[in-house]
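# Results of the structural survey
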Amino acid sequence: MAGVSFTDDRDVQTPNFDELYRRDQDPWRVQSSWYERRKLAVLMAALPRERYAMVWEPGCGPGFLSSVLAQRADELIASDFSSVAIEQARERCDGLDNVRCVVSELPAVPTHRLADLIVVAEFLYYVKDLEAALDSLWSTLAPGGNLVFMHWAHHPEDAFRSGRAMHVGIALDASTRDAPRLVSHIDNDFMLDVYEAPA
């Protein structure tokens, strides 16, 4: 990734997500906020394919998006480094036989299979070494597969970087990998980009 660096050495106190999800299973009001519901609808409409054989959702949190992505996936692996979030995701996806929820933290990858869809939503600004995370994501994507990034456009006070700056960097990184951007949605408050892995 010549000329593209994502490592952030600033001292940022990121949230304690275990404690956050213990206090409130829906801290961002995903189920009730029009912003969140609209954002989810935009994401699902932006997916180029009707169905995917293997989907990975890193940073799945308590599984709100997972339960929706499962409708478009033959198999879905939802992962998060928070064991509390994963327990809640398992409860939310109970009865969905195509969903497996596992504790895992980037740059670790919780599957040996290549995914034909990876959805990365609302957490990369909390990852200190973004370069290593992106390497893991791209290396897990099958040729011709889709990699989706969706984040709040602003800068969370407890995060390493803003969504807007990060998506600019992700676009530069994707260009070094010869991965075309298929969809780009720029909103006042969130950004969504869909890339395709080189065949």
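Scope of this entry: the structure provided in the associated data block.

### What about the sheet that holds strand β1 (residues 52-58)?
In spatial order, the strands read β3-β2-β1-β4-β5-β7-β6; together these 7 strands make up an open sheet with mixed pairing. Each edge of the open sheet carries a strand with a single partner, namely β3 (99-103) and β6 (181-186). For this sheet the average axis-to-axis angle between neighbouring strands, irrespective of direction, equals 15°.

### Structural notes on the side chain of Asp187
With respect to the helices and strands, the residue Asp187 is situated in the loop between β6 and β7 (190-196). There is a polar contact of 2.7 Å between the side chain of Asp187 and the side chain of Arg38. At a separation of 3.0 Å, a polar atom in the side chain of Asp187 contacts the side chain of His185.

### Digging into helix α4 (residues 83-92)
What α4 keeps buried is the set Val84, Ala85, Ile86, Gln88 and Ala89. Against the buried residues of α4 lie α1 (17-23), β2 (73-80) and β3.

### Here's the deal with the packing of helix α5 (residues 130-139) against helix α6 (residues 163-176)
The relative placement of two packed helices comes down to the angle between their axes together with the axis-to-axis distance. Remark: α5 packs on α6, axes separated minimally by 12 Å, with the N-to-C direction vectors making an angle of 50°. Viewed along their axes, α5 and α6 adopt a mutual orientation that is oblique. The interaxial crossing formed by α5 with α6 has right-handed handedness. Residues Leu130, Leu134 and Trp138 of α5 form the contact with α6, whose own contacting residues are Met166, Ile170, Asp173 and Ala174. The class makeup of the residues in the contact of α5 with α6 is 6 nonpolar, no polar and 1 charged.

### Quick word on the pairing of strand β4 (residues 115-121)
Counted residue by residue, β4 has 7 buried out of 7 residues, so it is predominantly covered. In this sheet, β4 lies alongside β1 in parallel orientation, the contact comprising 2 bridges. Bridge pairing in β4 places Trp56 opposite Ile118. Bridge count between β4 and strand β5 (residues 141-152): 6 bridges; the pairing is parallel. When the bridges of β5 are listed, Val120 appears paired with Phe149.

### A short note on the packing of aromatic side chains
For the coordinates displayed, the defined rule picks out 4 aromatic pairs. Ring centres of Tyr125 and Tyr126 lie 5.4 Å apart, and the angle between their planes is 85°; this geometry places the pair in the edge-to-face category. Taken individually, Tyr125 and Tyr126 each receive the classification buried, so the pair is uniform in this respect. Centroid distance Trp138 to Tyr195: 6.3 Å. Interplanar angle 70°. Geometry classified as edge-to-face. Of this pair, Trp138 sits in helix α5 while Tyr195 sits in strand β7, placing them 57 residues apart in sequence. For the pair Trp138 and Tyr195, one class covers both residues: buried.

### So, the pattern of salt bridges
What the rule picks out here adds up to 11 salt bridges. With a shortest N-O distance of 2.7 Å, Arg38 and Asp187 are connected by a salt bridge. Of this pair, Arg38 sits in helix α2 (residues 34-46) while Asp187 sits in the loop between β6 and β7, and the two are 149 residues apart along the sequence. Residue classification places Arg38 among the partly exposed positions, given a relative accessible area of 28%. With a relative accessible area of 16%, Asp187 lands in the buried category. The shortest N-O distance in the salt bridge between Arg51 and Asp74 comes to 2.7 Å. Here the residue Arg51 occupies a position in the loop between α2 and β1, and Asp74 occupies one in strand β2, the gap between them amounting to 23 residues.

### A look at the pairing of β6
Note: β6 against β7, 5 bridges, orientation antiparallel. Residue pairing across strands places Ile186 opposite Met191, the latter belonging to β7. Counted along the chain from β6 to the antiparallel partner β7, the turn is 3 residues long.

Analysis parameters
- Residues numbered from 1 in each chain as written.
- Predicted model: local features only at pLDDT ≥ 70, side-chain atom pairs only at ≥ 80, totals over all residues.
- Heavy atoms only, no water.
- Pairing = 2+ DSSP bridges.
- Helix = DSSP H or I, 4+ residues; strand = E, 2+ residues; numbered from the N terminus.
- Axes fitted to C-alpha atoms, helices over the stretch in contact; angles between N-to-C directions.
- Polar contact = N/O pair within 3.5 Å; in protein donor to acceptor, adjacent residues only side chain to side chain.
- Buried < 20%, exposed > 50% of the residue type's maximum accessible area, 1.4 Å probe, protein only.
- Contact = heavy atoms within 4.5 Å.
- Parallel < 35°, antiparallel > 145°, perpendicular 65-115°, else oblique.
- Left-handed = near helix turned anticlockwise from the far one by under 90°.
- Nonpolar A, V, L, I, M, F, W, Y, C, P; charged D, E, K, R; others polar.
- Phe/Tyr/Trp six-rings, centres within 6.5 Å; stacked < 30°, edge-to-face > 60°.
- Salt bridge = Lys/Arg side-chain N within 4 Å of Asp/Glu carboxyl O.

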